[in-house]
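# Topology and contacts: notes
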Amino acid sequence: MQAVVYVGDRLKDLRIEQALTQRELAARAGIGVNTVNRIELNETEPHMSTVRKLASALGVEPRRLTKSEE
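Residues numbered from 1 in each chain as written. Predicted model: local features only at pLDDT ≥ 70, side-chain atom pairs only at ≥ 80, totals over all residues. Heavy atoms only, no water.

The next thing to look at is the pattern of salt bridges. All chains considered together, the criterion is met by two salt bridges. Between E40 and R15 there is a salt bridge, with the nearest N and O atoms lying 2.6 Å from each other. Of this pair, E40 sits in helix α3 (residues 33-40) while R15 sits in helix α1 (residues 7-17), and the two are 25 residues apart along the sequence. No difference in accessibility class separates E40 from R15, as the two residues are buried. (Salt bridge = Lys/Arg side-chain N within 4 Å of Asp/Glu carboxyl O. Helix = DSSP H or I, 4+ residues; strand = E, 2+ residues; numbered from the N terminus. Buried < 20%, exposed > 50% of the residue type's maximum accessible area, 1.4 Å probe, protein only.)

Notably, A19 is not glycine yet its phi reads approximately 55°, a positive angle. Turning to its location among the elements, A19 is positioned in the loop between α1 and α2 (22-29). Although it is not a glycine, N42 adopts a positive phi angle of roughly 55°. Within the secondary structure, N42 is located in the loop between α3 and α4 (48-58).

All right, on to α2 then. Among all positions of α2, only Q22, L25, A26 and A29 are buried. Considered in projection along α2, the buried side chains sweep an arc of 100° and stay on one side of the axis. Along α2, exposed side chains directed more than 90 degrees from the buried face belong to R23, A27 and R28. Tucked inside the fold, the buried residues of α2 contact α1, α3 and α4. (Arc of directions from axis to C-beta. Contact = heavy atoms within 4.5 Å.)

Here it is, written out as structure tokens:
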């Protein structure tokens, strides 16, 4: 059975751990703050290129955002 992965939930957790606002994360990643907001609300699934930008901005591997934890 495939686990559902909510990128937005993981993104929000990592962002809060690093004490960043959505605006600060968006600026670091070079994407729009509305994009960060929509991802965190699980309203949209980010493209892999966006996942890579966010992961880089947070200093983590992209799989931290995309892989299900077992």
